[in-house]
Amino acid sequence: VCERFADSPAPPENILLPKILHRQCLHGVGHGLLAHGFLPLREAIQACKTSYRDRFERDTCLGGVFMENVDQHLVSNEQTLRRQLPLICDDVRALGNSTLSALCIAEVGKGLMEYTGLDLAKSEMLCKGLPYPEGEITVCQKAAQVEARTRQFDEMLRQRARQAN
């Protein structure tokens, strides 16, 4: 499905466009595998792992699966979310694959930034409340920090674009 984006010619004004569209497509496939109960989480993970041999493609698809998994919990009130947070990646952690666990936990950190309205301190505090080993808590917090920097950079680019117009 997504190969057509990777193989399409790039317009001179945006040579990265095919790569960006390819990545967005792969990520969207991951979302779609889990959204609306299409597949259970473990089957969606397996679908990404077996459909894509290339690490970038596989991890991008998995990122969509894990983001969708987290997003399903971000509509809860804070009290409910605090109860659900430790469970979000339990099925993934039970697989015993530290790479998959880290990808899932990183999406929790990014999702918490969205949930808290980009409040890094609160997101990090919610990560710290996870009953996980310190290394996994750090993955959650680092992902929240990266999300904060990414959003700041995006906003700076938007401001520059507005000033240029």
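These numbers come from a predicted model, not from an experiment. (Residues numbered from 1 in each chain as written. Predicted model: local features only at pLDDT ≥ 70, side-chain atom pairs only at ≥ 80, totals over all residues. Heavy atoms only, no water.)

(A) Up close: the packing of aromatic side chains. As enumerated under the stated definition, the model contains zero aromatic pairs in all. Over the ring of tyrosine 132 we find arginine 93; its NZ or CZ atom is 4.0 Å from the centre of that ring. (Phe/Tyr/Trp six-rings, centres within 6.5 Å; stacked < 30°, edge-to-face > 60°. Lys NZ or Arg CZ within 6 Å of the ring centre and 35° of its normal.)

(B) View of helix α4 (residues 55–71). The first and last C-alpha atoms of α4 sit 24 Å apart over 17 residues, in line with the 24 Å expected at 1.5 Å per residue. Along α4, the positions that sit buried rather than exposed are Glu57, Thr60, Cys61, Leu62, Gly63, Gly64, Val65, Phe66, Glu68, Asn69 and Val70. Looking at the buried side of α4, the elements it contacts are α2 (17–34), α3 (41–51), α5 (78–88), α6 (90–93) and α7 (98–115). Sitting at the amino-terminal end of α4 is aspartate 54, which places a side-chain oxygen 3.1 Å from the backbone nitrogen of phenylalanine 56. (Helix = DSSP H or I, 4+ residues; strand = E, 2+ residues; numbered from the N terminus. Expected span 1.5 Å × (residues − 1). Buried < 20%, exposed > 50% of the residue type's maximum accessible area, 1.4 Å probe, protein only. Contact = heavy atoms within 4.5 Å. Polar contact = N/O pair within 3.5 Å; in protein donor to acceptor, adjacent residues only side chain to side chain.)

(C) Summary view of the confidence of the model for the chain. Residues with a pLDDT of 70 or more make up 95% of the chain, whose mean pLDDT is 90. Ranking the helices and strands of the chain by mean pLDDT puts helix α8 (residues 120–128) first, with 97, and helix α1 (residues 3–6) last, with 70. (pLDDT = per-residue confidence, 0-100.)

(D) Unusual backbone geometry, seen in detail. Unusually for a residue other than glycine, histidine 36 sits at a positive phi of about 55 degrees. Structurally, histidine 36 can be placed in the loop between α2 and α3. The backbone phi angle of leucine 118 is positive, close to 70 degrees, even though this residue is not glycine. Residue placement: leucine 118 occurs in the loop between α7 and α8.

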